[in-house]
Amino acid sequence: MDMKQHLELMVNYKGVPVISKAQIKAIAGDLVTMITHDPGLVCLRSSPQTNILGSDYFEPSTAKIQSVDVRSGEVQLYEFSYLGSRLGERMIIRVEPSAPIPLRLGVEDQTIDGELVDISLSGAGIRIPSAKYTPLLKPGAVIQIDFELPHGMIAISGTILSGSRSTDLYRLSVRFGQNGVHKERIFKYMVDRRAEIEQELLAEYEKAKSET
């Protein structure tokens with residue numbers, strides 16, 4: 001705190017890692033008050049925790065967020081813990097579409113309609129109705145995915161990494177296979193969508209400041 005160095009607080013906003021430069025204002029026991037005036041404040045306000053990027057004096061860590069005041073820029077953090085190798089995974093850019101994108105999933109001789117809920121250059125998050133789930137969709141299974149982006153159709157193979165069930169939906173984490181024109185279209189989509197998300201974040205920040 002005496003050195004007045006800046007730390008970086010990182011949370012995900014619609015899949016995009018958002019970093020806010022912050023400075024320690026006060027330390028009271030386990031409670032640390034930091035100051036930041038970056039648009040990422042609105043992300044911190046809606047997140048239960050934040051990652052704190054490393055510096056010359058700190059290892060990467062994570063902390064729970066107790067409170068956020070957009071007007072003063074104060075963020076109060078507690079329950080710090082070492083982040084370790086998990087940081088690299090959390091910095092991968094994985095954008096969320098403005099609305100889920102319809103897709104068709106093929107596994108062996110079955111075809112299932114679902115929706116794409118996030119996407120990166122290396123893979124995607126997919127949802128299907130729980131009633132449509134089949135044991136064929138197990139980790140390690142190779143599937144075919146077809147969906148449309150603004151830059152054209154995507155027809156790409158993928159390998160299921162994991163799956164999780166909610167009340168009426170089943171979510172699959174998929175790693176893409178081949179490179180080529182499909183990856184180029186995905187990259188262009190991600191660039192455009194990230195620009196949209198950054199504008200959405202800035203608009204939310206300006207709105208939050210006017211309401212406080």
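The model shown is predicted, which means the values in this text are computed figures rather than measured ones. Here the residue numbers are simple positions, counted from 1 along each chain's written sequence. Reporting of local features is limited, given that this is a predicted model, to residues whose pLDDT is at least 70; pairs of side-chain atoms are given and counted only at 80 or more, and all residues count toward the totals for whole chains, interfaces and linings. Working from all heavy atoms in the structure, the side-chain values ignore hydrogens and water.

A. Structural context of the overall build of the protein. When helices and strands are counted, the protein shows three helices and twelve strands. Reported as C-alpha extents along the three principal axes, the dimensions of the protein are approximately 65 × 35 × 35 Å. Each residue is placed in one exposure class: buried if its accessible area under a 1.4 Å probe, protein chains only, is under 20% of its type's maximum, exposed if it is over 50%, and partly exposed if it falls in between. Taken across its 212 residues, the protein has 41% of its residues classed as buried. In what follows, a contact means two residues having at least one pair of non-hydrogen atoms within 4.5 Å. When contacts within the protein are restricted to residue pairs at least 6 apart in sequence, those whose partners lie at least 24 apart make up 54%. Computed by Shrake-Rupley with a 1.4 Å probe, the accessible areas treat only the displayed protein chains as cover when residues are assessed. Surface summary for the protein: the accessible area is close to 11500 Å², and the carbon and sulfur share equals 51%. With 24 positive and 27 negative side-chain charges, the protein shows a separation of 2 Å between the mean positions of the two kinds. Numbering of helices and strands starts at the N terminus; helices are DSSP runs of H or I of at least 4 residues and strands are runs of E of at least 2. Neither His nor the chain ends contribute to the count of charged residues, in which Lys and Arg are positive and Asp and Glu negative. By convention, the charge on Lys lies at NZ, on Arg at CZ, on Asp at CG and on Glu at CD.

B. Here's a closer look at the pairing of strand 11 (residues 152–165). Of the strand pairs in this sheet, strand 10 (residues 142–149) and strand 11 are connected by eight bridges, and their pairing is antiparallel. Across the sheet, the residue bridging to Q144 is S157, located in strand 11. Counting the residues that bridge the hairpin from strand 10 to strand 11 gives two residues. Should DSSP find at least two bridges between two strands, the strands are regarded as paired. Here strand 11 runs beside strand 12 (residues 169–176); their pairing, made up of seven bridges, is antiparallel. From the neighbouring strand, S162 faces strand 12, where its bridge partner is S173. Following strand 11, the chain reverses through three residues before pairing antiparallel with strand 12.

C. Structural context of the nonpolar core. Core analysis: the largest hydrophobic core is formed by 52 residues, its most contacted members being L105, I119, L137, I145 and F147. The residues touching I119, leaving out its near neighbours within four places in the chain, are I93, R94, V95, A124, F147, F176, I186, Y189 and M190. Throughout this description, the term nonpolar core refers to a set of buried Ala, Val, Leu, Ile, Met, Phe, Trp, Tyr and Cys residues connected via side-chain atoms within 4.5 Å.

D. Broad picture of the packing of aromatic side chains. When the centres of two rings from Phe, Tyr and Trp lie within 6.5 Å, Trp using its six-membered ring, the rings pair. Their planes under 30 degrees apart give stacked, over 60 give edge-to-face, and anything left gives tilted. Counting across every chain of the model gives one aromatic pair. Here Y133 and Y170 contribute two aromatic rings whose centre-to-centre distance is 4.1 Å and whose plane-to-plane angle is 25°, an arrangement assigned as stacked. Residue Y133 is located in the loop between strand 9 (123–129) and strand 10, and its partner Y170 is located in strand 12; the two are separated by 37 residues in the primary sequence. Classification of Y133 as partly exposed rests on a relative accessible area of 25%.

E. Inspection of the environment of P100 at higher detail. Structurally, the position occupied by P100 is in the loop between helix 2 (86–90) and strand 7 (101–107). Residue classification places P100 among the partly exposed positions, given a relative accessible area of 39%. As for P100 and R127, which are separated by 27 residues in sequence, their C-alpha atoms are 9.1 Å apart. Contact partners of P100, with chain neighbours within four places excluded, come to E115, L116, V117 and R127.

F. Layout of a nonpolar patch on the surface. Patches in this entry comprise residues that are over 30% relatively accessible and not in a salt bridge; like charges within 9 Å are linked, as are nonpolar side chains (Val, Leu, Ile, Met, Phe, Trp, Tyr) within 5 Å. Any carboxyl oxygen of Asp or Glu within 4 Å of a side-chain nitrogen of Lys or Arg constitutes a salt bridge here. A cluster of nonpolar residues, L121, F187 and V191, forms a patch on the protein surface that exposes about 260 Å² of accessible area. Along the chain, the position of L121 falls in the loop between strand 8 (110–119) and strand 9. A relative accessible area of 37% places L121 in the partly exposed class.

G. Fine view of the pairing of strand 10. Only one face of strand 10 is covered, namely the one carrying I143, I145, F147 and L149; the face carrying V142, Q144, D146 and E148 has none of its residues buried. As paired elements, strand 7 and strand 10 share four bridges and run antiparallel to each other. Looking at strand 10, one finds that G106 is bridged to Q144.

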